[in-house]
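Chain residues, written in single-letter form:
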6 protein chains.
Amino acid sequence: MATVEKWYEDYAIGSTRTTTGRTITEADIVLHAGQTGDFFPHHMDAEWMKSQPAGQRIAHGTLILSVAVGMTAGDINPQSMSYGYDRIRFIRPVFIGDTITVAAEITAKIDHAKRPDEWGYVHELVTVVNQRQETVLVLTHIYLVNKRTRGPAAPGPLA
Amino acid sequence: MATVEKWYEDYAIGSTRTTTGRTITEADIVLHAGQTGDFFPHHMDAEWMKSQPAGQRIAHGTLILSVAVGMTAGDINPQSMSYGYDRIRFIRPVFIGDTITVAAEITAKIDHAKRPDEWGYVHELVTVVNQRQETVLVLTHIYLVNKRTRGPAAPGPLA
Amino acid sequence: MATVEKWYEDYAIGSTRTTTGRTITEADIVLHAGQTGDFFPHHMDAEWMKSQPAGQRIAHGTLILSVAVGMTAGDINPQSMSYGYDRIRFIRPVFIGDTITVAAEITAKIDHAKRPDEWGYVHELVTVVNQRQETVLVLTHIYLVNKRTRGPAAPGPLA
Amino acid sequence: MATVEKWYEDYAIGSTRTTTGRTITEADIVLHAGQTGDFFPHHMDAEWMKSQPAGQRIAHGTLILSVAVGMTAGDINPQSMSYGYDRIRFIRPVFIGDTITVAAEITAKIDHAKRPDEWGYVHELVTVVNQRQETVLVLTHIYLVNKRTRGPAAPGPLA
Amino acid sequence: MATVEKWYEDYAIGSTRTTTGRTITEADIVLHAGQTGDFFPHHMDAEWMKSQPAGQRIAHGTLILSVAVGMTAGDINPQSMSYGYDRIRFIRPVFIGDTITVAAEITAKIDHAKRPDEWGYVHELVTVVNQRQETVLVLTHIYLVNKRTRGPAAPGPLA
Amino acid sequence: MATVEKWYEDYAIGSTRTTTGRTITEADIVLHAGQTGDFFPHHMDAEWMKSQPAGQRIAHGTLILSVAVGMTAGDINPQSMSYGYDRIRFIRPVFIGDTITVAAEITAKIDHAKRPDEWGYVHELVTVVNQRQETVLVLTHIYLVNKRTRGPAAPGPLA
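Source: prediction; values computed, not measured.

Novice: Would you take a moment to explain the relation of the copies chain D and chain C for this structure?
Specialist: Mapping one chain copy onto the other needs a rotation about an axis and a shift along that axis. In the superposition of chain D on chain C (RMSD 0.0 Å, axial shift 0.0 Å), the rotation amounts to 180°. Look at the turn and shift together and you get a two-fold axis relating the two. Scanning chain D for the C-alpha nearest the rotation axis identifies Asp 86 of chain D, at a separation of 2.6 Å. Mapped onto chain C, 100% of the interface residues of chain D are again interface residues, and the two copies thus contact each other with one and the same surface.

Below, the structure is given as structure tokens:
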């Protein structure tokens, strides 16, 4: 975990990165239920899920989302903060034992409406695939990033 | 955790619900770092954060998101599945010891483009506030819900 | 998790409720050993248990008890507090992968000895079954519940 | 954790043992909520509890019960199995930061009704006190123990 | 967990002890990654490890080390403190489902260089074997132990 | 977490690296006790520790060791494997709330005795300091690293 200064001007649309893989385990689901309080039988009841279309327990959407975002947390960039996410979509269920990998691509750069000289939004499309290369989740991670040319200090991180 | 059948027609725009509160603890942050692998010093280094604008460690955005979504997981509704989220925004940081409460409001109902007789999207605006009634996070939770009048079976849950 | 006022007078002997299921996982046992400090080989040593009558690791009794009680924690009732349990009996072992379901039945209502006009005990028989409908654990959960007619305030919850 | 053979005849009514102490932490409560799914605000909402008689969050009853039983799990005794508990009573709340210690005393020995030559029940009164020496929980732990004189093999442990 | 006073003079070179077994689970690895932040694919990516010589995920070295040291934490000895470890060697990988057992032998006693009348070092060779009796890890645990004849008080524990 | 090929020849004696900080929390200690089974009162009993020289609970040595090693797990290097550690010494206790940082320096390079043309050992001195820049733990991490000139394939990682 290194600290790397990267300004708005340094992000190039179309640039990509990918992560190593991570196997989603039964323990991950148990821990995520425990963290969120979501003990829905879709995640916790192997017996009942045998009778459902999926045939087995499925991972919480917020588990895959959280792990995927965590997997893309690479270098610390003091010039950037996480602003939010757009268009999170659950495409396919993730089962116990599936291994996910994350690809991320810079898809847009947008000036801040009120302070275009100082800040801009960088959009990174995050795509999570399983071991069969099937997409299971997509989201757009939005960063608020300082411009080199900025004047006053940017706000600190919120999350 | 009860099972309650609720069809698309049963959702009323403007209807609201709120949760009890939950205090976000240091243990939650430690566990979320452990689940996601995000050990950024913003969440883990109390000493360094003293020198930052926030002055103290802040919760991961995905922690607050996951807990808030979990807090709104009430009854099991076999006619509804979680389709995704739109416009997740981190408004204010959540600190250790803050207590969050979640309010949710049905804000839109939209027919499914290809199968409008069978399915529709229900949008629920999720607003997370802290103990000072300050909004810390918002998101729109999108459910894909069966209509009473539908013909063929809907797909099972994905997350 | 809703808050529902329910007085002593509102409990009816013979009324029942059941829960959804929950699969007891290896992770649950590992976490329970970690919480309690009970690392007995009955729970932790798969190799040795092959040579024992059970043939495999068994769940801690307090794990099944704690999960079962948690599964029956439905609505919040400000008029009731958990007073204790009677006659907890371990009937059959629970193995990794077993799915438990809990049934609960109000079996007795007893006036408080010293303040019969204000409080009463409600007994709920909790029966935990596995996926083969075999009973694995029983206990009687005793609640101290306010009567509608009560005078002075009841004590707050103890656990 | 040693293995020590102890038969029914070896237990003496009145014999006692005590444990070292253990501080109940916020992390314990968070983990126990996560294990049991009991996220009642009594345990999780510091803000709301300020307005309640207790004034602060209280530990789950099953947490203190599980930890206390775990603290008394000393030597492994192949001649004994945990049969159940009687008369569990929550006497006082346990708060975050309280340190509990457990005292246990053999209070009764009872022949097994159907096989009195082979088995007997040993009752151990478990008393949990806090750092002010106030009793917070009591229970009677019942063990089914082999007699030295027994004929056929006893059943294996159930929990 | 009993408190047993044992002085330097009480340790005999060549004396040995062994533990019960403990199965290393997938949950242990997930929890250890979460505690340490080491999410290397060797531990977390089942898919990729299929293509590696080991063929499957392997436990973190620090997990086996920590668990093994924990398994040898028997009685509390107020006259002894953990000083450090020498020559930790990872001999064979530990896989999910392997059951480890620990043997420990007192191999050396060495007077403290500056205060030989008061303190001495006791070396305990810790050997961890799997269910096939293959050694997977060795280390020498060094204790600093008070002598019966000592004058001034020894330092308290450091870890 | 990037994959970076680094051969024996690429390591330079005297080269250093440092990490960001990490605050050791009560939750870390609770989780480490739970993972290792070491519930010694030095780590778990705040009340008793008030009467001891340290005055408060101290972190497990294996916790600090594991976290420190995890904090130095930077890039994945397919040409290197963790061989073991030498001379681990606990210098000062780590208390709840202390923030540790890790510095690492390559201190030695040693040819493999039997296959000097293929492998060599790289020694990295790991020094853990707290927020007062006091050293709390040192160890030498030994890596077995492939040489560029090597012939047959090296063994896979063991831990």
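Novice: What exactly am I supposed to notice about the interface of chain D and chain C here?
Specialist: One frequently used descriptor of interface size is the decrease in accessible area upon assembly of the parts. Taken together, the contact between chain D and chain C spans 48 residues of the former and 48 residues of the latter. For the pairing of chain D and chain C, the buried interface totals around 3,700 Å² over both sides, and the portion due to carbon and sulfur atoms is 64%. In this structure, Asp 86 of chain D and Arg 89 of chain C form a salt bridge, with 3.0 Å as the shortest nitrogen-oxygen distance. Connecting chain D to chain C are 15 residue pairs in polar contact (both at pLDDT 80 or more). Within the residue set of the side of chain D that touches chain C, elements represented by two or more residues are helix H1 (26–36), helix H2 (41–44), helix H4 (61–71) and strand E3 (80–90) of chain D. Of the residues in the side of chain D that touches chain C, the class split is 26 nonpolar, 14 polar and 8 charged. Note: strand E3 (residues 80–90) of chain C against E3 of chain D, 4 bridges, orientation antiparallel. Note on E3 of chain D: the bridge partner recorded for Ile 88 of chain C is Tyr 85 of chain D.

Novice: I keep staring at empty space enclosed by the protein and nothing clicks. Help me out?
Specialist: To find leftover empty space, a probe the size of one water molecule is rolled over the atoms. Considering all chains together, one arrives at 12 cavities of 30 Å³ or more under this definition. The calculated volume of the largest cavity comes to roughly 480 Å³. Contributing to the lining of the largest cavity are 26 residues, with Leu 31 of chain B, Leu 31 of chain C, Leu 31 of chain D, Leu 31 of chain E together with Leu 31 of chain F lying nearest its centre. Of all elements in the fold, only helix H1 (26–36) of chain A, helix H1 (26–36) of chain B, helix H1 (26–36) of chain C, H1 of chain D, helix H1 (26–36) of chain E together with helix H1 (26–36) of chain F reach the threshold of two or more residues within the lining of the largest cavity.

Novice: Help me understand the packing of aromatic side chains in this model?
Specialist: The relative placement of two aromatic rings is captured by the distance of their centres and the angle of their planes. Summed over all chains, the structure comprises 12 aromatic pairs over all chains. Both rings, one in Tyr 85 of chain C and one in Phe 90 of chain D, keep their centres 5.5 Å apart while their planes meet at 85°; by these two values the pair is edge-to-face. Here Tyr 85 of chain C is found in strand E3, whereas its partner Phe 90 of chain D is found in strand E3 on a different chain. The two residues Tyr 85 of chain C and Phe 90 of chain D agree in class, both being buried. Between Lys 6 of chain A and the ring centre of Tyr 11 of chain A, over which it is positioned, the NZ or CZ distance is 4.6 Å. The ring centre of Tyr 8 of chain E lies 4.6 Å from the NZ or CZ of Lys 109 of chain E, which sits over that ring.

Novice: Looking at this structure, I do not really get the pairing of strand E6 (residues 135–146) of chain C. What am I missing?
Specialist: Along any regular strand the residues' side chains alternate between the sheet's two faces. Residue and element names in this part refer to chain C. Within E6, 11 of the 12 residues are buried, leaving the element largely enclosed by the surrounding structure. In this sheet, E6 lies alongside E3 in antiparallel orientation, the contact comprising 8 bridges. Bridge pairing links Arg 89 to Val 138 in E6. Relative to E6, strand E5 (residues 119–129) is paired through 11 bridges, and the arrangement is antiparallel. In the sheet register, Thr 127 faces E6, and the bridge partner there is Val 138. What sits between the antiparallel neighbours E5 and E6 is a turn of 5 residues, in which Gln 133 has the positive phi angle 65°.

Novice: Is there a simple way to think about the pattern of salt bridges in this case?
Specialist: A side chain of one charge can pair with a side chain of the opposite charge when the charged atoms of the two come close. Residue and element names in this part refer to chain E. Under the criterion given, the structure shown has 54 salt bridges over all chains. Asp 28 is the partner of Arg 22 in a salt bridge, and the nearest nitrogen-oxygen pair spans 3.0 Å. The pair formed by Arg 22 and Asp 28 is uniform in burial state, with each residue classed as buried.

Novice: How do you make sense of the environment of Gly 120 of chain D when you look at a structure like this?
Specialist: Residue and element names in this part refer to chain D. Residue position: Gly 120 is located in strand E5 (residues 119–129). Assessed through its relative accessible area of 0%, Gly 120 is described here as buried. For the pair Gly 120 and Ile 91, spaced 29 residues apart in the sequence, the C-alpha separation amounts to 29 Å. Those residues within four positions of Gly 120 in sequence are excluded, and the remaining contacts are Tyr 8, Ile 110, Asp 111, His 112, Tyr 143, Leu 144, Val 145 and Lys 147.

Novice: Sorry if this is basic, but what is going on with H1 of chain E here?
Specialist: Within an α-helix, residues lying three or four positions from one another point in the same direction, as the helix has 3.6 residues per turn. Residues and elements named next belong to chain E. Most of H1 is tucked away, with 10 of its 11 residues classed as buried. Those residues of H1 that sit buried are Glu 26, Ala 27, Asp 28, Ile 29, Val 30, His 32, Ala 33, Gly 34, Gln 35 and Thr 36. Just past H1, the residue Gly 37 takes up positive phi, approximately 80°.

Novice: What am I meant to see in the packing of H1 of chain A against H1 of chain B here?
Specialist: The description of two packed helices rests on the angle between their axes and on the distance between the axes. Packing of H1 of chain A against H1 of chain B leaves a shortest axis separation of 11 Å and a crossing angle of 155°. Overall, the two elements H1 of chain A and H1 of chain B adopt an arrangement that is roughly antiparallel. Every pair of crossing elements has a handedness; the one defined by H1 of chain A and H1 of chain B is left-handed. Residues Asp 28, Leu 31, His 32 and Gln 35 of chain A of H1 of chain A form the contact with H1 of chain B, whose own contacting residues are Asp 28, Leu 31, His 32 and Gln 35 of chain B.

Novice: Would you mind going over the side chain of Ser 66 of chain E with me for this structure?
Specialist: Mapped onto the elements of the fold, Ser 66 of chain E is located in helix H4 (residues 61–71). Here Ser 66 of chain E falls in the buried class, since its relative accessible area comes to 1%. At 3.0 Å, the side chain of Ser 66 of chain E and the side chain of Ser 66 of chain F are in polar contact. Setting aside anything within four residues of it in sequence, one finds Ser 66 of chain E in contact with His 32 of chain E together with His 32, Thr 36, Thr 62 and Ser 66 of chain F.

Novice: Explain the environment of Val 69 of chain A to me, please; I cannot follow it from the model alone.
Specialist: Take Val 69 of chain A: it is sitting in helix H4 (residues 61–71). Here Val 69 of chain A falls in the buried class, since its relative accessible area comes to 11%. Measuring from C-alpha to C-alpha, the distance between Val 69 of chain A and Val 126 of chain A comes to 8.2 Å, with 57 residues separating the pair along the chain. Those residues in contact with Val 69 of chain A, other than ones at most four positions away along the chain, are Tyr 85, Leu 139 and His 141 of chain A together with Thr 62 of chain B.

About the cut-offs
Residues numbered from 1 in each chain as written. Chains lettered and ligands numbered in written order. Predicted model: local features only at pLDDT ≥ 70, side-chain atom pairs only at ≥ 80, totals over all residues. Heavy atoms only, no water. Least-squares fit on C-alpha atoms with pLDDT ≥ 70 in both. Contact = heavy atoms within 4.5 Å. Buried area = accessible area lost by both parts, 1.4 Å probe. Salt bridge = Lys/Arg side-chain N within 4 Å of Asp/Glu carboxyl O. Polar contact = N/O pair within 3.5 Å; in protein donor to acceptor, adjacent residues only side chain to side chain. Helix = DSSP H or I, 4+ residues; strand = E, 2+ residues; numbered from the N terminus. Nonpolar A, V, L, I, M, F, W, Y, C, P; charged D, E, K, R; others polar. Pairing = 2+ DSSP bridges. 1 Å grid on protein atoms, 1.4 Å probe; cavity = no way out; pocket = protein on both sides within 12 Å on 5 of 7 lines; lining within 4 Å. Points joined across faces, edges and corners; volume = space filled by probe spheres on them. Phe/Tyr/Trp six-rings, centres within 6.5 Å; stacked < 30°, edge-to-face > 60°. Buried < 20%, exposed > 50% of the residue type's maximum accessible area, 1.4 Å probe, protein only. Lys NZ or Arg CZ within 6 Å of the ring centre and 35° of its normal. Axes fitted to C-alpha atoms, helices over the stretch in contact; angles between N-to-C directions. Parallel < 35°, antiparallel > 145°, perpendicular 65-115°, else oblique. Left-handed = near helix turned anticlockwise from the far one by under 90°.

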